[in-house]
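Geometric and topological summary
The chain contents come next:
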Amino acid sequence: MTPAQLPGILLHLAVVRPVFLWGPPGIGKSSLVRAFADALGLPCVTLLGTQLAPEDLIGVPELVEGRSRFAPPETIARDEPYCLFLDELNAATPEVQKAFYSLILDRRVGAYELPAGSIVLGAGNRATDNALARPMASALVNRLVHVHLRASATDWLGWAGAAGVHPWICDYLTQRPDHLWIKPPTSEEPFSTPRAWHMLSDALHSYGDDIAEETLRVIAYGTLTTSHASAFCAYVKTLRHRYGLDAIVRGDLSWPRRPEDRDLLFFFAEAFRARLVKDLPASKEHASRSVREFARRAKSLLVELAEISLECAQLVIASDDDGMPVLPGWFLLDVSRDLPRLVAART
């Protein structure tokens, strides 16, 4: 489910059973839990599974009237209801995970019981995210209701506007929502997530809109996936030089040709591809007169683009990662008739 759908689910689930949130790094699991607790008027106590030992949960023994009992830690043993958030629970050691059993299922640690009205939530990354994650014992799995989160550009942009995220980022991701999140890479390198874009926003606010182009490249490449960083820097360049794809499509401007604007050319090629995907119908019969005129104009633009960079022109008509065409078949057929050199080079 998406982040926007989560509060409604938790409102019914979390009050009766502990819930575990699964999701990739950087999509805002922790922030969502804290926001939900705030909405209920509950303080949120966070325990990081990677930073705990079993005794941090069950406490230490103490003598009471000649008998020993475990005294739970002050962070857990509270008199008023609260939200207990077990972050990175599935990254904890097996011993720590076992220590959570009674707390999760019975809402109890030794003689201490969570106050009525308290809720227990957990969160963690998946093993497929190349993040620290340990197998969760079946006994622990069976004590939780499991909810899987996915990134949603619509949800994030709705939040970002009110949260003061830099307008460059909001505008860019409105045009390229597919750049909000990418699957974590197998190598140690920055990659795009909602958290990464938020970090970039904080840096942009710190520098101001007059940030130097080279500085922008440093922080963009230091937070985002390489291809996304390049495209974002090119987008900022278009804002500063009032250079837009609409003007190119209208014929008011031409494709950038200078060697130093190669990143800008790739950005426009990707934006042009996205425009074609959005505006061209699957069937030519459903294309209006204006759409057919746009298709003819698009072929002319492809010719001009191929003269500057065959690679960029190929990018526009390329298939997806699975080898399936992205653009409508009728348009690709027209392109193959009028631009055989481009199609031949692509294959």
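Predicted model only: the values in this text are computed from it and were never measured. (Residues numbered from 1 in each chain as written. Predicted model: local features only at pLDDT ≥ 70, side-chain atom pairs only at ≥ 80, totals over all residues. Heavy atoms only, no water.)

1. Brief notes about the environment of T226
Structurally, the position occupied by T226 is in helix 11 (residues 226-240). Residues T226 and S192 lie 34 residues apart in sequence; the distance between their C-alpha atoms is 8.9 Å. (Helix = DSSP H or I, 4+ residues; strand = E, 2+ residues; numbered from the N terminus.)

2. As for the pairing of strand 8 (residues 119-124)
In summary, the side chains of a regular strand alternate between the two faces of the sheet. Counting buried positions over the six residues of strand 8 gives six, a clear majority of the element. Strand direction decides the pairing type here: strand 1 (residues 19-22) and strand 8, joined by four bridges, are parallel. Paired with V19 across the two strands is L121, which belongs to strand 8. (Buried < 20%, exposed > 50% of the residue type's maximum accessible area, 1.4 Å probe, protein only. Pairing = 2+ DSSP bridges.)

3. What about the environment of S187?
Along the chain, S187 turns up in the loop between helix 8 (167-175) and helix 9 (194-207). Exposure remark for S187: the relative accessible area of 38% places this residue in the partly exposed category. The sequence separation of S187 and L84 amounts to 103 residues, and the corresponding C-alpha distance is 34 Å. At a separation of 2.2 Å, a polar atom in the side chain of S187 contacts the side chain of E189. (Polar contact = N/O pair within 3.5 Å; in protein donor to acceptor, adjacent residues only side chain to side chain.)

4. Focus on the confidence of the model for the protein
Looking at the protein, the pLDDT average stands at 88 and 95% of residues meet or exceed 70. Across the protein, helix 9 holds the top mean pLDDT of 97, while helix 17 (residues 340-346) sits lowest at 60. (pLDDT = per-residue confidence, 0-100.)

5. Some details on the sheet that holds strand 1
On the basis of which strands lie adjacent, the open sheet formed by five strands has the order 2-5-8-1-9 and parallel pairing. The strands lining the two open edges of the sheet, one partner per strand, are strand 2 (44-48) and strand 9 (145-148). Across this sheet, the average inter-strand angle for adjacent strands is 20°, counted without regard to direction. The pairing of strand 2 with strand 5 (residues 83-87) spans five bridges and is parallel. Each bridged residue has a counterpart across the sheet, and for L47 the counterpart in strand 5 is L86. Those strands touched by helix 2 (residues 29-40) are strand 1, strand 2, strand 5 and strand 8, and its axis lies near 165° from that of strand 8. (Axes fitted to C-alpha atoms, helices over the stretch in contact; angles between N-to-C directions. Contact = heavy atoms within 4.5 Å.)

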